[in-house]
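In case you want the letters, here they are:
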Amino acid sequence: MKQDNPHILVVDDHGEIRDLLKRFLEQHNFRVTCARDGREMKRLLEEREIDLIVLDLMMPGEDGLTLCRELRARANTPVIMLTAMGEETDRIIGLEMGADDYLAKPFNPRELLARIKAVLRRTQGEVERSSNSDLPAEVRFDRWRLDLNRRELTDESGVMHSLSTAEFDLLKVFIERPQRVLSRDQLLDLARGREAQAFDRAIDTLVSRLRRKLEHDPKNPDLIKTIWGGGYLFASEVIHG
């Protein structure tokens, strides 16, 4: 198998699920490594380059939410979360922790395959889209600097803050359209494209996550303003270069 094929890390404490996903994804030209718990996941992430993590929510020891939160604090690796719980509140909690997508068990492996391809398409295609965009490789707003090619957000002190794929996609939409009121439907369509239906109730959650990272006071936001009955407005001036 070619080494440039995407490398997927499957983290699940159920051996049957790990084996099933490994065989299925390898049949579709992915490299696959499996971990049974958070400790093994962390070790593998230190040893190997991973393009995407399929992470089970309910595991003994550190659960998927804790692992996702820890991962998101130091890396942008995309995460698709699996869980036996299908409630919308659980999905929103997963997104709050930084997951890029969410799939409830039991699931069809083909649906997971489609989600993996969609997330990788958004992640790996970002450099190409940035090069074809009217935006430069780097922009500044308020006290922040965003490298669009590296997907790196840096504050005025030079400290880098990680962004999930979903957070980056939404921030890029705002940066491309400052001082414009954008409805939730517009934001959803611009940020998620054809995969929007998986995130039909998640825009408010993503905005809240961005506010916690960007705003001096997330409860009284100055950058991403809520326009009642309209949607959201990115109020900051965007400086190119």
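Cut-offs and rules
- Residues numbered from 1 in each chain as written.
- Predicted model: local features only at pLDDT ≥ 70, side-chain atom pairs only at ≥ 80, totals over all residues.
- Heavy atoms only, no water.
- Axes fitted to C-alpha atoms, helices over the stretch in contact; angles between N-to-C directions.
- Helix = DSSP H or I, 4+ residues; strand = E, 2+ residues; numbered from the N terminus.
- Parallel < 35°, antiparallel > 145°, perpendicular 65-115°, else oblique.
- Left-handed = near helix turned anticlockwise from the far one by under 90°.
- Contact = heavy atoms within 4.5 Å.
- Nonpolar A, V, L, I, M, F, W, Y, C, P; charged D, E, K, R; others polar.
- Pairing = 2+ DSSP bridges.
- Phe/Tyr/Trp six-rings, centres within 6.5 Å; stacked < 30°, edge-to-face > 60°.
- Buried < 20%, exposed > 50% of the residue type's maximum accessible area, 1.4 Å probe, protein only.
- Polar contact = N/O pair within 3.5 Å; in protein donor to acceptor, adjacent residues only side chain to side chain.

Colleague: Help me out: how do you make sense of the packing of helix H2 (residues 38-47) against helix H3 (residues 64-72) in this one?
Modeller: The relative placement of two packed helices comes down to the angle between their axes together with the axis-to-axis distance. Their axes nearest at 11 Å, the elements H2 and H3 cross at an angle of 25°. Between H2 and H3, the angle is such that the two are roughly parallel. Taken as a pair, H2 and H3 cross one another with a handedness that is right-handed. Where H2 abuts H3, its residues Gly38, Met41, Lys42 and Leu45 lie against Leu67, Glu70 and Leu71. Taken together, the residues of the contact of H2 with H3 sort by class into 4 nonpolar, 1 polar and 2 charged.

Colleague: Explain the sheet that holds strand E4 (residues 79-83) here, please?
Modeller: The pairing of strands in a sheet comes from backbone hydrogen bonds and takes either a parallel or an antiparallel form. Spatial strand order, E2-E1-E3-E4-E5: 5 strands in an open sheet with parallel pairing. What marks the edges here is a single partner per strand, and that holds for strand E2 (31-35) and strand E5 (101-104). On average, each strand axis in the sheet is tilted by 20° relative to the strand beside it, whichever way the strands run. Sheet topology places strand E1 (residues 7-11) next to strand E3 (residues 52-56); 4 bridges connect them, and they run parallel. Paired with Ile8 across the strands is Leu52, a residue of E3. Its contacts with the sheet place H2 against E1, E2 and E3, and it is angled at close to 140° to E2. Contacting E3 and E4, H3 crosses the sheet at an angle of about 170° to E4.

Colleague: Any chance you could explain the packing of aromatic side chains here in plain terms?
Modeller: Here a ring pair, both rings aromatic, is described through the centre-centre distance and the interplanar angle of the planes. Applying the stated criterion to the full structure yields 2 aromatic pairs. Measuring from centroid to centroid gives 5.4 Å for Phe141 and Phe234, while their planes differ by 70°, and the two rings are edge-to-face. Of this pair, Phe141 sits in strand E6 (residues 138-141) while Phe234 sits in strand E12 (residues 231-234), and the two are 93 residues apart along the sequence. For the pair Phe141 and Phe234, a shared accessibility class is recorded, and that class is buried. Relative to Phe234, the ring of Phe174 has its centre 5.9 Å away and its plane inclined at 20°; by these criteria the two rings are stacked. Taken as a pair, Phe174 in helix H7 (residues 165-176) and Phe234 in strand E12 lie far apart in primary sequence, 60 residues in all. The same class applies to Phe174 and to Phe234, which are both buried. Feature note: the residues Phe141, Phe174 and Phe234 constitute an aromatic cluster, connected by ring pairs.

Colleague: Looking at this model, I keep getting lost on the sheet that holds strand E9 (residues 160-161). Mind explaining?
Modeller: Strands sit in the order E9-E8-E7-E6-E13 across an open sheet of 5 strands; the sheet is antiparallel. Each edge of the open sheet carries a strand with a single partner, namely E9 and strand E13 (238-240). Bridge count between strand E7 (residues 144-147) and strand E8 (residues 152-154): 3 bridges; the pairing is antiparallel. Opposite Asp147, over in E8, you have Glu152 as the bridge partner. Along the sheet, H7 contacts E6, E7 and E13; its crossing angle with E7, the most-contacted strand, is approximately 110°.

Colleague: Would you mind showing me how to read the side chain of Asp101 here?
Modeller: Structurally, the position occupied by Asp101 is in strand E5. Note on Asp101: relative accessible area 5%, which makes it buried. In terms of polar contacts, Asp101 uses its side chain to reach the side chain of Arg115, at 2.9 Å.

Colleague: For this particular structure, what's the right way to read the packing of H7 against helix H9 (residues 203-214)?
Modeller: Remark: H7 packs on H9, axes separated minimally by 10 Å, with the N-to-C direction vectors making an angle of 85°. The orientation of H7 relative to H9 falls into the category roughly perpendicular. Together, Ala166, Glu167, Leu170, Leu171 and Phe174 of H7 and Ile203, Leu206, Val207, Arg209, Leu210, Lys213 and Leu214 of H9 make up the contact between the two elements. Its residues placed into classes, the contact of H7 with H9 shows 9 nonpolar, no polar and 3 charged.

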